[in-house]
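What the coordinates show
Each chain, written out:
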Amino acid sequence: MQSIQDLDSSQDKVERIRKIIVNLCFAFGILLLTEGALRKWFLAPFQQVLYFIKDPLVILSYLLASIAGLWPKGLFFRLSIGMIALTFVVGLFQVLGGINSIGSMLLGWRNYCFLIPFAFLMQQCLNGKDLFNLSRYALLTSIPMAVLVFIQYRSPRGALVNMMLDEKQAFAYGKLARASGTFSFTAGHEYYCQAMLAFLLVCWILPNNVRPVKNPLLWVVAAATVVNILLNGNRGVFSLCAATWLMSLVYRLLAAPLWSKRLNLKKAFRLIIPEVLIVLAVCSYSYFFADALEAMMNRIIHTERSSVGNAERVYGSLTYVIPALAKIEPLGKGLGLGISAGRRLAAANSQFVFEENDLPRVIAEAGYLGILLILFRFSWGGLIFYGAIKASRRTGNPFPLLIASLPVYASVLSPDQNQLDELPKIRSWNVEA
C-alpha cells in the first residue's frame, strides 16, 4: 500500500511532466509561427528537413505522457488510436501491393495521423491558466504579423518578402500580392487570422479585469487583427472568420439568460462587439485599403461569373465527394500521393492523385479507408462542438466555443494537405471560468 508521502511524490512527478508537456506545446506554437519563415527566407536549402522540425517535440510529448500516464482513457481516444493503426496497416498493404513507396506512405500517414494524439494531449494537459497565457501570447504576435503583412501588401509580388515556398513570387489578386505572413503558404496565414479573431472576440466579450489582453493594448491588437484579415488577399479568410462569428453568436444566445440578470450598458456593448468590429473593419477596408477591396471584389465577381462560383470554391470539398466515390478504388491510389512532397517519393508505377479539394483527395488516396477517415473527422468536429457548448454553458466563458470554430471548420472543410502543419491545432475545450 502506498504511503501518503509516496502518493504526493508521484503526483508531483506527474505535475512536473505535465508542465514540461505544456512548455512543449508552447514551443510547438512558436515553431508553427516561425517554421515558414525559416523554410522560405533564412534556411531555404534545408526547407525539406525543416518541414519536420516540430516532430521531435511531438514525439517527446508522447513519451512523457506515456511515462506519466497522462493519456485520456475515453472511448473516442481509443477509437482514434485504432484509426491511426488501421491507416498504417492499409498503407503497408499499398506498399506491398506495389502501388506506393514506403516514403510516400509514411509521409501520407504522418499527415493524416501523427498529430491526432497531440490534440488529445493538449486537451488533457492545458489548464485554464495555460490557455489564458496562450491567448495572450498569440494575440501579441498579431502586431508584428500585421506589420509584415502590410509590407507584403505594399511590396511587388516578386519582392523577397513576398516569396513563398517553391514560389518565386506571391499569388496575386489584381496587382496585389496575397499575404503569407511568416507562413510557407497563404493558407497558413488564413487560419492564423481565424485564430486571432477568435482570441480577440474572447477578450472583448469577457470583462476587462479577466481579459488575456486588456485596454488600451487590446485596441492595438484589434487593429492588428483587422489589418491581417483585410490584407490577407484570399476569399477563404472571410468564410473562416464567418465561422468564428457564428460561434460567437451561438455563445451569446446561450449566455443570454446569464447576462440578462444584471444587464448594463457595458455588458450590452460587449454583447454586440463582434458586429461593431465588422462595421469598423468594413469602413477600414474602404477607407485605408481601397485598392485591396477593389481587387478582392473583382476577384469575387470574376469567380461568381465563372463555371465554378464562390460557394463551390468554399464548399467544393463537400460537393465533390459523390463524384470521388463513383471512381473509388478499394485500397486507394496511395497515401501521400496527393501532395507534391509525396509524389517526389513515389514508386515508379504509382498513380498520382490530382484532386484540388481535400475530401476527394482523401478518398482517392485511401480508398474505402478514406470514407472512414472522413467520418472520423466529421465525428471529431461534432464532438468538439458539443463539448464546447457544454463548457461555455457551464462556465459562462466564451473561450471554448470561439476556439472550437478552428477545428470544427477544419474537420469539415480542411485545406490542402500541404498546409496541414500550419493550422493552429487548438482542440481543448476543458477551460474553467
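Moving on, we come to the nonpolar core. Of all hydrophobic cores here, the largest spans 104 residues; its most connected members are Ile 21, Phe 118, Phe 199, Leu 200, Phe 289, Ala 292 and Trp 380. By size, the runner-up hydrophobic cluster in this structure holds five residues, among which are Leu 240, Ala 243, Tyr 409 and Ala 410.

Before going further, it helps to examine the side chain of Arg 252. Locating Arg 252 in the fold gives a position in helix α10 (residues 236-259). With residues up to four places along the chain from it excluded, the contact list for Arg 252 reads Trp 245, Leu 271, Ile 272, Pro 274 and Glu 275.

Let's shift gears to the environment of Tyr 112. Tracing the chain through its elements places Tyr 112 in helix α5 (residues 102-114). For Tyr 112, a relative accessible area of 14% translates into the label buried. When the C-alpha positions of Tyr 112 and Thr 87 are compared, they lie 8.4 Å apart, and in sequence the two are 25 residues distant.

Moving on to the packing of aromatic side chains. Going through the model one piece at a time under the given rule, you end up with 21 aromatic pairs. Residues Phe 183 and Tyr 192 carry aromatic rings whose centres are separated by 5.8 Å and whose planes lie at 50° to one another, so their mutual orientation is tilted. Judged by its relative accessible area of 2%, Phe 183 falls in the buried class. Each ring, one from Phe 288 and one from Phe 289, has its centre 6.4 Å from the other, and the planes form 55°; the classification is tilted. Take Phe 288: its relative accessible area is 55%, and that puts it in the exposed class. Through pairs of rings, three or more aromatic residues link up here, namely Tyr 62, Trp 71, Phe 76, Phe 77, Phe 114, Phe 120, Phe 376 and Trp 380. Over the aromatic face of Phe 28 sits the side chain of Lys 54, whose NZ or CZ is 5.9 Å from the ring centroid.

In the structure, helix α11 (residues 265-288) departs most strongly from a straight axis at Ile 273, where the bend amounts to approximately 55° and where the proline Pro 274 lies between one and four residues downstream. What α11 keeps buried is the set Lys 267, Arg 270, Ile 273, Pro 274, Leu 277, Ala 281, Ser 284 and Tyr 285.

Here Asn 232 lies in the loop between α9 (217-230) and α10. Asn 232 has contacts with Arg 178, Ala 179, Thr 186, His 189, Glu 190, Cys 193 and Val 237, leaving out every residue within four places of it along the chain.

To continue, consider the packing of helix α4 (residues 75-96) against helix α17 (residues 368-395). In contact at an axis separation of 11 Å, α4 and α17 are set at 155° when each is read in the N-to-C sense. Relative to α17, the element α4 lies roughly antiparallel. The interaxial crossing formed by α4 with α17 has left-handed handedness. Across the interface between the two elements, Phe 76, Ser 80, Met 83, Leu 86, Thr 87 and Val 90 of α4 pack against Leu 369, Leu 372, Leu 373, Phe 376, Ser 379, Trp 380 and Leu 383 of α17. By residue class, the composition of the contact of α4 with α17 is 10 nonpolar, three polar and no charged.

Within the secondary structure, Arg 343 is located in helix α15 (residues 340-344). Note on Arg 343: relative accessible area 22%, which makes it partly exposed. Sequence separation of Arg 343 and Val 353 is 10 residues, and the distance between their C-alpha atoms is 8.6 Å. Look past the residues within four positions of Arg 343 in its chain and what remains in contact with it is Gly 336, Leu 337, Gly 338, Phe 352, Val 353 and Phe 354.

Judged by side-chain polarity, Leu 86, Ile 322, Leu 325, Tyr 368, Ile 371, Leu 372 and Leu 375 come together as a nonpolar surface patch covering roughly 620 Å² of accessible area. For the nonpolar patch, the element with the most residues is α17, which contributes four residues. Secondary-structure assignment places Ile 322 in helix α14 (residues 321-326).

Cut-offs and rules
- Residues numbered from 1 in each chain as written.
- Predicted model: local features only at pLDDT ≥ 70, side-chain atom pairs only at ≥ 80, totals over all residues.
- Heavy atoms only, no water.
- Core = buried A, V, L, I, M, F, W, Y, C linked by side-chain atoms within 4.5 Å.
- Buried < 20%, exposed > 50% of the residue type's maximum accessible area, 1.4 Å probe, protein only.
- Helix = DSSP H or I, 4+ residues; strand = E, 2+ residues; numbered from the N terminus.
- Contact = heavy atoms within 4.5 Å.
- Phe/Tyr/Trp six-rings, centres within 6.5 Å; stacked < 30°, edge-to-face > 60°.
- Lys NZ or Arg CZ within 6 Å of the ring centre and 35° of its normal.
- Bend = angle between axes of the 7 residues up to and from the residue.
- Axes fitted to C-alpha atoms, helices over the stretch in contact; angles between N-to-C directions.
- Parallel < 35°, antiparallel > 145°, perpendicular 65-115°, else oblique.
- Left-handed = near helix turned anticlockwise from the far one by under 90°.
- Nonpolar A, V, L, I, M, F, W, Y, C, P; charged D, E, K, R; others polar.
- Patch = residues over 30% accessible without salt bridge, like charges linked within 9 Å, V, L, I, M, F, W, Y side chains within 5 Å.
- Areas by Shrake-Rupley, 256 points an atom, 1.4 Å probe, with all protein chains shown as cover.
- Salt bridge = Lys/Arg side-chain N within 4 Å of Asp/Glu carboxyl O.

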